Structures are given as structure tokens and as C-alpha cells.
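Single-letter residue listing:
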Amino acid sequence: MTRAATYLDHNASSPLRPEAREAVLAALDLVGNPSSVHAHGRALRNLVETGRRQVAELAGAEPKQVVFTGSATEAITQAILGGARAFSAGAVALSAGEHAAVGKAAEATGLPVWTISLDGEGRIDLDQLTVTLQKAEEQGLTLLVALHWVNNETGVIQPIERINALVGPTRHTLFIDAVQAFGKRPLEFATSAPDMMAVSGHKIGAPAGIGALLVKSHADTVRLIPGGGQEQGRRGGTESATLIAAFGAAAAANDYDAETLSALVQRVEAGLRKLAPDVVIFGQGANRIGNVTNFAVPGVGNATAMMALDLMGLSVSSGSACSSGKVGASHVLAAMGVPRDLANCALRVSFGWNSTMADADAFLAGFETLLSRQKRAGKAA
């Protein structure tokens, strides 16, 4: 009998929420263009604006600060490429643990990229950030500072209040990749220091293909796709009322249960320590978001482990899902000083809105089987 599949990769994409599915089906019954002034167009415009209000509420933003995009990657690219142009940046400052979308967008600006280190627990080096800001002042440069709030691989929460305090009062532009924080932390965008933030739909149970860039009024001129004036001229292209409605529905239904999800992670980590006393849990000394664990058992390669677990019906990852499907050493772990041979053993288990203790137990049972097979194979060899 085939074991029912267990999904343990919510940081890559969370399953579609029932509310989002219902919103999609209802929206597909409508016809027209949200920019049209007739009744059909106005019905679709109502979906777009309702979704905007729902996303804004979850982000602690004003509705007018929400610019819908095709993905968080697009939002990130708009913030960095568009922001570098709009604010005449002389360099882009980012951390060594940023998502690939941030790093690629920074490279695409053609500007110097100043990299800020991570410590051994995956936290951004705030002393180095301070030095970076001082260096920009000495050189008379305006920086576009692009940093993440929650690391997608380790779940480490960056000291956002201190980052805000360091960059906020300066003339530099602060962009925050809030994709993994959205729906899990109070963003309070409207009243906080960042000029821009990126959020994503499919991380909270909406379909893939919809994200948003949150922008303050002074950053309203940041552009990437000119188009025909949609989104108040801030992002061209006919809005997908269907996906926006689903994004809004997922945001409105968001009920992130930190206590329950943290209990699942604690169950997994406690079980791993019993199964493999030499397990290394990355970022365990830092403040973590609570729904994800990133670990390695020395000698258990992640490529082999992922395939074996997949055959057991367990879907896990080795880190970011946005690296062309490759499996190998993580740049985040490298920035934390993790040796490459250990990083090549890293696995990520992440939980979400429909995860249960049975999922955690299924993973531990599967991983125990994996370790037993490897031990037998070692003896046979």
C-alpha cells in the first residue's frame, strides 16, 4: 500500500487555502477588464480593490500602498531596479543571506554591490551594516539597502527593529524582503521605517503568480513595467482579478498559529536528536520564526536523502526552491561559516496552515527508516 503523501515544504509554497480556491472559482465566472468602466469591468475592479484592502490589512499597510505584481520576485526586482533608478542609488547593500531574487536584482542594477556578513547563527552583522552606512556617507553615495526579515532557509528572524533604527533616519532607501514574515509577523508597514517591502501570495495559501510590493508615498515613483497605467501607473499590465481575489481571501483567512507550528518543529528537532545525536540544527541559537527547521546529519547527503524520503511520500527540501531545482550547498549556510561537506547534508522541513502533529511524526518515522537503511548499507559495504 502506498503511503499518503506528507507535504513538508511550506516555505517553498503553501497549499491552496479553501477560501482562496472559492475566490478563484467565483472570479472565473466574471468577464471583462478591471480597467473598463462598464458594469462588468466595475465588478472586476471591486474584486481587485477588495483584495487590495485585505492584503493591506494583513501587512499593516494602507490600501493605496499595495501594488500588485506577478510574484514576489517581480516585486523585489521592481523595488531594487526601479528603486535604484528612482532614488539615484550609488550602490546596493545586501546581506550574504539574501534570497537569490534579491542578489540577481542587485547585480542587474549594474551598481556596486556591498555585501554584509552573517554571523554563525545566520543573523545579519549589524556592526558591519553600521560601517557600510558610514562608508556611504564618506563617499557621498546614496544606498539602496535590501535586507530580508526572515530567512527562508533557516527561519532566523533578523533584528528588524535595529535595522529600521539604523537605516530609517538616514537618506538611504530601505527595502525589506518580507516574504517569509508576511502572515507570521506583524509587518506594520505604514508606521515602520522601510520604504518598500515585498510579499507573496503562495506562501500564505493563495495560488502562485501573485505578489505585491508595498510602497510608501515617497517611493511611489518606483517603476519596472510601464504598461498602460494600471495600478495607478505603478505596474503596467491588466491586473489578474482572479489571483488578486484569491490573494486577498488567503490574507483574510490567515490564522498563523505560532504555538502549534513551533510545537511541530520542536517535536521534529527533539526526535532528530534522539535518532542522530550528532545532528546539527542551523540557527538554533538565534530567534527563529518557528515553522521551519534546517538541519544536517553528518554523512547523510541531502540529494540522496531527499530522493529516499520522496519515495516514502515525504516532501522536504534542501533550502530555497528558487535555485532551478538544484540540490547542493546553500549560500546561506556558507555565509554562516558551515563547512561545505556539512552544508551538503542540509535538509529543510517547513510547516504551515494545514500541518499537524501526524506530519511531524511521519517525517521522523521516514527519517528513522532512512538512517537505518544507510546504517545497514554501511555495514554491508
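A few points on the structure.

About the cut-offs
- Residues numbered from 1 in each chain as written.
- Predicted model: local features only at pLDDT ≥ 70, side-chain atom pairs only at ≥ 80, totals over all residues.
- Heavy atoms only, no water.
- Salt bridge = Lys/Arg side-chain N within 4 Å of Asp/Glu carboxyl O.
- Helix = DSSP H or I, 4+ residues; strand = E, 2+ residues; numbered from the N terminus.
- Phe/Tyr/Trp six-rings, centres within 6.5 Å; stacked < 30°, edge-to-face > 60°.
- Buried < 20%, exposed > 50% of the residue type's maximum accessible area, 1.4 Å probe, protein only.
- Lys NZ or Arg CZ within 6 Å of the ring centre and 35° of its normal.
- Pairing = 2+ DSSP bridges.
- Contact = heavy atoms within 4.5 Å.
- Axes fitted to C-alpha atoms, helices over the stretch in contact; angles between N-to-C directions.

Scanning all chains against the criterion turns up 13 salt bridges. Residue Glu 74 is joined to Arg 235 by a salt bridge in which the shortest nitrogen-to-oxygen separation is 2.7 Å. In this pair, Glu 74 sits in helix H3 (residues 72-86) while Arg 235 sits in the loop between strand E8 (211-215) and helix H7 (241-253), placing the two residues 161 residues apart along the sequence. A network of salt bridges, in which partner residues are shared, links Arg 45, Glu 49, Arg 52, Glu 231 and Glu 239.

Quick look at the packing of aromatic side chains now. Aromatic rings in a pair are described by how distant their centres are and how their planes are angled relative to each other. For the coordinates displayed, the defined rule picks out five aromatic pairs. Between Phe 295 and Phe 363, the aromatic rings sit 6.0 Å apart at their centres with planes inclined by 70°, giving edge-to-face as the arrangement. With a gap of 68 residues between them, Phe 295 in strand E10 (residues 292-296) and Phe 363 in helix H12 (residues 357-380) connect regions that are remote in the sequence. Like Phe 363, Phe 295 is buried. Ring geometry for Phe 363 versus Phe 367: centroids 5.6 Å apart, planes at 25°, classification stacked. Of this pair, Phe 363 and Phe 367 both sit in helix H12, separated by four residues, roughly a single helical turn. Given a relative accessible area of 1%, Phe 367 falls into the buried group. Following the ring pairs from residue to residue traces out a cluster consisting of Phe 68, Phe 182 and Phe 247. Its end group placed over the ring of Trp 114, Lys 135 keeps NZ or CZ at 4.1 Å from the ring centre. Here the guanidinium or amino end of Lys 216 rests over the ring plane of Phe 189, the centre of that ring lying 4.5 Å away.

Within E8, five of the five residues are buried, leaving the element largely enclosed by the surrounding structure. Residue alternation in E8 divides its side chains into two sets, Gly 211, Leu 213 and Val 215 and Ala 212 and Leu 214, and both sets are buried. In this structure, strand E2 (residues 66-69) lies alongside E8, joined through four bridges in antiparallel fashion. When the bridges of E8 are listed, Val 67 appears paired with Leu 213. As paired elements, strand E7 (residues 196-200) and E8 share five bridges and run antiparallel to each other. Across the sheet, the residue bridging to Val 199 is Ala 212, located in E8.

Further remarks concern the environment of Val 24. Secondary-structure assignment places Val 24 in helix H1 (residues 18-28). Looking at Val 24, the relative accessible area reads 16%, which means it is buried. Taking the C-alpha atoms as reference points, Val 24 and Ile 76, separated by 52 residues in sequence, lie 25 Å from one another. For Val 24, the residues in contact, after removing those within four places along its chain, are Pro 207, Thr 242 and Ala 246.

With that settled, consider the sheet that holds strand E9 (residues 280-281). Strand order across the open sheet formed by three strands is E9-E10-E12, with antiparallel pairing between neighbours. Two strands close off the open sheet at either side, each with one partner strand: E9 and strand E12 (346-350). With five bridges connecting them, E10 and E12 associate as antiparallel partners. Each residue of the ladder has a partner; that of Val 292, found in E12, is Ser 350. The strands touched by helix H8 (residues 258-275) within the sheet are E9 and E10, with E10 carrying the most contacts at an inclination of about 15°.

Across the sheet, seven strands lie side by side as E2-E8-E7-E6-E5-E3-E4; this open sheet has mixed pairing. Only two strands of the sheet have a single partner each, and these edge strands are E2 and strand E4 (113-116). The mean angle between the axes of side-by-side strands here comes to 20°, regardless of whether they run parallel or antiparallel. With four bridges joining them, strand E3 (residues 91-95) and E4 adopt parallel strand pairing. Bridging from a neighbouring strand, Ser 95 pairs with Ile 116 of E4.

Shape is all these values report; function is a separate question.
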